[in-house]
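# Analysis of the macromolecular model
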Amino acid sequence: MSAQDGGAKATSVRALSRSDLADVAITPGEVIAAVEGAYLAHAADPSGNPRKLNITAGPSISYAMLGQTDGFVGFKTSYTHNGTGEKRYYTTLSLYDEQTGLPIALMDCARIGGLRTPAVSALLARELAAPEAKTALVVGTGAQGRAALPFLLTALPGLERLALLGTHPEGIEAVQATLRQHDPDRSVELVRDQEQAGEADIVLAVAGPRTTARIRPEHIREGALTILVGYGVEPHVLWSADRLVATNAEQMALTGQDFAHPETGLRRPDAELPDLLTGRAPGRTDPRQRIFAYNSGMVITDVAVGAILARAAIAQGRGKEVELWS
């Protein structure tokens, strides 16, 4: 996609708001394929995703990320303001055509992140779940909890039992409604006791920071995979895992300090997802292993998914052309 295909002129950029992107059609399969392609490109040339920068100011934090993949260059910013009043969060993606050098879009990044994160978890599950995995438990009913099951089922259609640990009625209903929309024949079982995590082959922790869920190592069965996106599991689950996999070790070192051991610091991953996808590193080496996977996200996946959404939104005439360089 270039400016000639409906993108911006040399002096302008297409601004795509949250509402512009909210209902652009895209399937879990398309997102997973785009994210996997970005990881494979990264495995071939890691220079396309340098380490993110961050600034912490009191309780607030901001990130800046640069990524290049599949002919696109993207600049992502993320700012979380935790002041005395309401928490505020803003994230944007500036997208450019690598061949022409022209800007394509300035986009709200909320939906992009909401799509690429469950796609990464689905890839981790596909690569790391035990061969006979049949049960998946999602911990949390926020945005990531609502998206989790359609992506997991796309990557692992053989899952038989789907369970949800959550406490907010509206969130629970949203998870169930999203699953019905994706697959009307499937249902999710609501569990109230975190000890029931011991029945799951895959535990996906996507809860928010205020969750009361604190899944402990004794709740994790032999051979299970635990994937961390948000909150819901204790650090001991990572420390006691037989194998640790991260999407990216450097990103984990920056964002995973909550899981650092008080004496030994943050554990070094045994493998990274891009190397699993290329076969350069093994995922599960024993069906009895308890594996912990840390999903920290990489900006190249935002760029890959953002390019799909931008292409579709611009083709539909959405957004506004903003003259920035005239």
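Residues numbered from 1 in each chain as written. Predicted model: local features only at pLDDT ≥ 70, side-chain atom pairs only at ≥ 80, totals over all residues. Heavy atoms only, no water.

If you look the chain up in an unreviewed UniProt entry, it shows as Ornithine cyclodeaminase/mu-crystallin from Segniliparus rotundus.

### Examining the overall build of the chain
Where we set the bar: Secondary structure elements are defined from DSSP: runs of H or I of at least 4 residues count as helices, runs of E of at least 2 residues count as strands, and each element is numbered from the N terminus. C-alpha atoms define the radius of gyration in this analysis, and the globule rule sets the expected value at 2.2 Å times the number of residues to the power 0.38. With a 1.4 Å probe rolled over the protein chains alone, any residue whose accessible area is under 20% of its type maximum counts as buried; one over 50% counts as exposed, and the rest are partly exposed. Pairs of residues are marked as contacts when any of their non-hydrogen atoms sit within 4.5 Å. Surface accessibility follows the Shrake-Rupley procedure with a 1.4 Å probe radius. Residue values consider only the protein chains on display as shielding. For this count, His and the chain ends are skipped, Lys and Arg are scored as positive, and Asp and Glu as negative. Lysine's charge is taken at NZ, arginine's at CZ, aspartate's at CG and glutamate's at CD.
Broken down by element type, the chain carries nine helices and 15 strands. Relative to the compact-globule value of 20 Å for 326 residues, the chain shows a C-alpha radius of gyration of 20 Å, a close match. The buried share of the chain, reckoned over its 326 residues, is 51%. Pairs at least 24 apart in sequence give 71% of the contacts found in the chain among residues at least 6 apart. A total of about 14,800 Å² of accessible surface is found on the chain, and carbon and sulfur atoms cover 50% of it. Looking at charge distribution, the chain has the averaged site of its 31 positive side-chain charges lying 3 Å from that of its 37 negative ones.

### Regarding the sheet that holds strand S8 (residues 161-165)
Backbone-to-backbone hydrogen bonds pair the strands of a sheet. The strands run either parallel or antiparallel. Inclusion rule: Any two strands with at least two DSSP bridges between them are considered paired.
A sheet is described by the order of its strands in space; here eight strands give the open sequence S9-S8-S7-S10-S11-S14-S12-S13, paired in parallel fashion. The two strands at the open ends of the sheet, each matched to only one other strand, are strand S9 (189-191) and strand S13 (271-272). With four bridges joining them, strand S10 (residues 202-205) and strand S11 (residues 225-228) adopt parallel strand pairing. Residue pairing for S11: valine 203 is matched across the bridge by threonine 226.

### Some points on the domain arrangement of the chain
Going by this rule: In this document the domain limits rely on a domain assignment from an automatic tool or a database. Throughout, the accessible surface (probe 1.4 Å) given up by two parts as they are put together, summed over both, is called the buried area.
Looking at the chain, the domain boundaries give domain 1 (12-112 + 300-323) and domain 2 (117-297). The interface is formed by 15 residues belonging to domain 1 together with 22 residues belonging to domain 2. Counting the surface lost from both domain 1 and domain 2, the interface buries some 1,700 Å², and carbon and sulfur atoms represent 67% of this. Among the residues domain 1 hides against domain 2, the three largest losses belong to Ile32, Tyr39 and Arg51. Together they make up 38% of the total.

### Quick notes on the pairing of strand S12 (residues 243-246)
Alternating residues of S12 divide into Arg243 and Val245 and Leu244 and Ala246, and every residue in both groups is buried. For S12 and strand S14 (residues 291-294), the ladder comprises four bridges, and the chain directions are parallel. Among the inter-strand pairings, leucine 244 is bridged to a residue of S14, identified as phenylalanine 292.

### Describing the pattern of salt bridges
Worth spelling out the cut-off: For salt bridges, the criterion is a side-chain nitrogen of Lys or Arg within 4 Å of an Asp or Glu carboxyl oxygen.
The tally for this structure, following the rule as stated, stands at 16 salt bridges. Several salt bridges converge on common partners, so that one network encompasses Glu36, Arg126 and Glu127.

### Comments concerning the sheet that holds strand S15 (residues 320-323)
Operational definition: Axis lines are fitted through C-alpha atoms, for helices just across the contact stretch, and the angle between N-to-C directions can take any value from 0 to 180 degrees.
The seven strands lie next to each other as S2-S3-S4-S5-S6-S1-S15, forming an open sheet whose pairing is mixed. Both edges of this open sheet fall to strand S2 (53-57) and S15, since each of them pairs with a single strand only. Here the strands of the sheet are splayed against their neighbours by 20° on average, with no regard to which way each runs. Sheet analysis places strand S1 (residues 12-16) next to strand S6 (residues 103-108), joined by three bridges and oriented parallel. Looking at the pairing, arginine 14 lines up with alanine 105 of S6. Along the sheet, helix H9 (residues 299-315) makes contact with S1, strand S3 (60-69), strand S4 (72-81), strand S5 (88-97) and S6, crossing S3 at roughly 75°.

### A few points about the packing of aromatic side chains
Note the threshold: Classification of ring pairs uses Phe, Tyr and Trp, with its six-membered ring standing for Trp, and accepts pairs whose centres are within 6.5 Å; under 30 degrees between planes counts as stacked, over 60 as edge-to-face, and the remaining range as tilted.
Within the structure shown, the criterion is met by two aromatic pairs. Summarising the aromatic geometry, the rings of phenylalanine 75 and tyrosine 96 are spaced 5.9 Å apart at their centres and angled 90° between planes, so their arrangement reads as edge-to-face. Taken as a pair, phenylalanine 75 in strand S4 and tyrosine 96 in strand S5 lie far apart in primary sequence, 21 residues in all. We classify phenylalanine 75 as partly exposed; its relative accessible area is 41%.

### Topic: a nonpolar patch on the surface
Threshold: Any residue with relative accessible area above 30% and no salt bridge may belong to a patch, with like charges joined within 9 Å and the nonpolar Val, Leu, Ile, Met, Phe, Trp and Tyr side chains within 5 Å.
On the surface, a cluster of nonpolar side chains totalling about 270 Å² of accessible area is made up of Val322, Leu324 and Trp325. Tracing the sequence through the fold places leucine 324 in the segment after S15.

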